[in-house]
Amino acid sequence: DVKVTQSSRYLVKRTGEKVFLECVQDMDHENMFWYRQDPGLGLRLIYFSYDVKMKEKGDIPEGYSVSREKKERFSLILESASTNQTSMYLCASSLARATEAFFGQGTRLTVV
Amino acid sequence: AQTVTQSQPEMSVQEAETVTLSCTYDTSESDYYLFWYKQPPSRQMILVIRQEAYKQQNATENRFSVNFQKAAKSFSLKISDSQLGDAAMYFCAYRPIYNTDKLIFGTGTRLQVFP
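Owing to the predicted nature of the structure, the values given are computational and were not obtained by experimental measurement. (Residues numbered from 1 in each chain as written. Chains lettered and ligands numbered in written order. Predicted model: local features only at pLDDT ≥ 70, side-chain atom pairs only at ≥ 80, totals over all residues. Heavy atoms only, no water.)

Visitor: When you look at the sheet that holds strand β8 (residues 73-78) of chain A in this model, what are you seeing that I'm missing?
Guide: Residue and element names in this part refer to chain A. Strand order in this open sheet of 4 strands is β1-β3-β8-β7, and the pairing throughout is antiparallel. In this open sheet, the two edge strands, each paired with only one partner strand, are β1 (4-6) and β7 (65-70). This sheet shows a mean twist of 20° between the axes of neighbouring strands, independent of strand direction. The pairing of β7 with β8 spans 4 bridges and is classified as antiparallel. Looking across to β8, one finds that serine 67 is bridged to serine 75. (Pairing = 2+ DSSP bridges. Helix = DSSP H or I, 4+ residues; strand = E, 2+ residues; numbered from the N terminus. Axes fitted to C-alpha atoms, helices over the stretch in contact; angles between N-to-C directions.)

So this is what it looks like as structure tokens:
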């Protein structure tokens, strides 16, 4: 079975902190995604990576950056966390040109 | 830019009945994929069904089927014989076949199932 693992299920951070959300997949997938999920807004794409060190901005990249130094790991970085970044963050992966993406269980981040 | 719209924030259905969730999308591409994902309270997103735009036949997976209307850019999900375990958030999603593997989601529909 494909496994996408997010490092934390729940996280509480203070305003201004640098926050790292980690995602690891074990199926040698080329593509990895970070989404933010908010009630009434659905899943919004933050960043997409289609290969090691390659990335594309999604719809809401402001305030976020990403790192993909190894194929299996895709990190989302909040350089200076703010309260409006309190949300559910979902990581996903897929093979290139595949028709199915596999998701992690999400990280619920609260910024206080 | 491609967009996916789900106009029903919430729906409810009686157990064993049938319910239809709506989805429309906007794209200038001619070839693409459409998906329905389910997110139960456990938060684990699960693929329910997929449809290739070049296929005229509507996809079916057991109790789940779609009504794909390419000209109208409509992609609804029908759940037959609803079960309590079908209660979840349902997301419609779009992905072009060429140029990018980006997966774009709608805002979701929360489905409640009553005994």
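Still more to cover.
Visitor: Mind showing me how you'd approach the nonpolar core here?
Guide: Burial of nonpolar side chains together is a common tendency in soluble globular proteins. Counting 26 residues, the largest nonpolar core has Tyr25, Trp36, Phe75, Leu77 and Tyr90 of chain B as the members making the most contacts within it. Listed by contribution, the elements that provide at least two residues to this core are β3 (19-21), β5 (32-39), β6 (46-52), β8 (64-69), β9 (74-79), β10 (88-96) and β12 (109-114) of chain B. The leading source of residues in this core is β10 of chain B, at 4 residues. Beyond its immediate chain neighbours, meaning those up to four positions away, leucine 77 of chain B contacts Val19, Thr20, Leu21, Trp36, Ile49, Phe64, Ser65, Val66 and Tyr90 of chain B. The next biggest cluster of nonpolar side chains, apart from the first, holds 21 residues, and it includes Leu45 and Ala92 of chain A together with Tyr37 and Phe105 of chain B. (Core = buried A, V, L, I, M, F, W, Y, C linked by side-chain atoms within 4.5 Å. Buried < 20%, exposed > 50% of the residue type's maximum accessible area, 1.4 Å probe, protein only. Contact = heavy atoms within 4.5 Å.)

Visitor: Looking at this structure, how should I read the pairing of strand β9 (residues 87-94) of chain A?
Guide: Within a regular strand, the side chains alternate between the two sheet faces. Residues and elements named next belong to chain A. Within β9, 8 of the 8 residues are buried, leaving the element largely enclosed by the surrounding structure. Going residue by residue along β9, you find Ser87, Tyr89, Cys91 and Ser93 tucked away on one face and Met88, Leu90, Ala92 and Ser94 tucked away on the opposite face as well. Of the strand pairs in this sheet, strand β4 (residues 31-38) and β9 are connected by 7 bridges, and their pairing is antiparallel. Bridging from a neighbouring strand, methionine 32 pairs with serine 93 of β9. As paired strands, β9 and strand β11 (residues 107-111) are joined by 3 bridges and run antiparallel to one another.

Worth remembering: the numbers are spatial, not functional.
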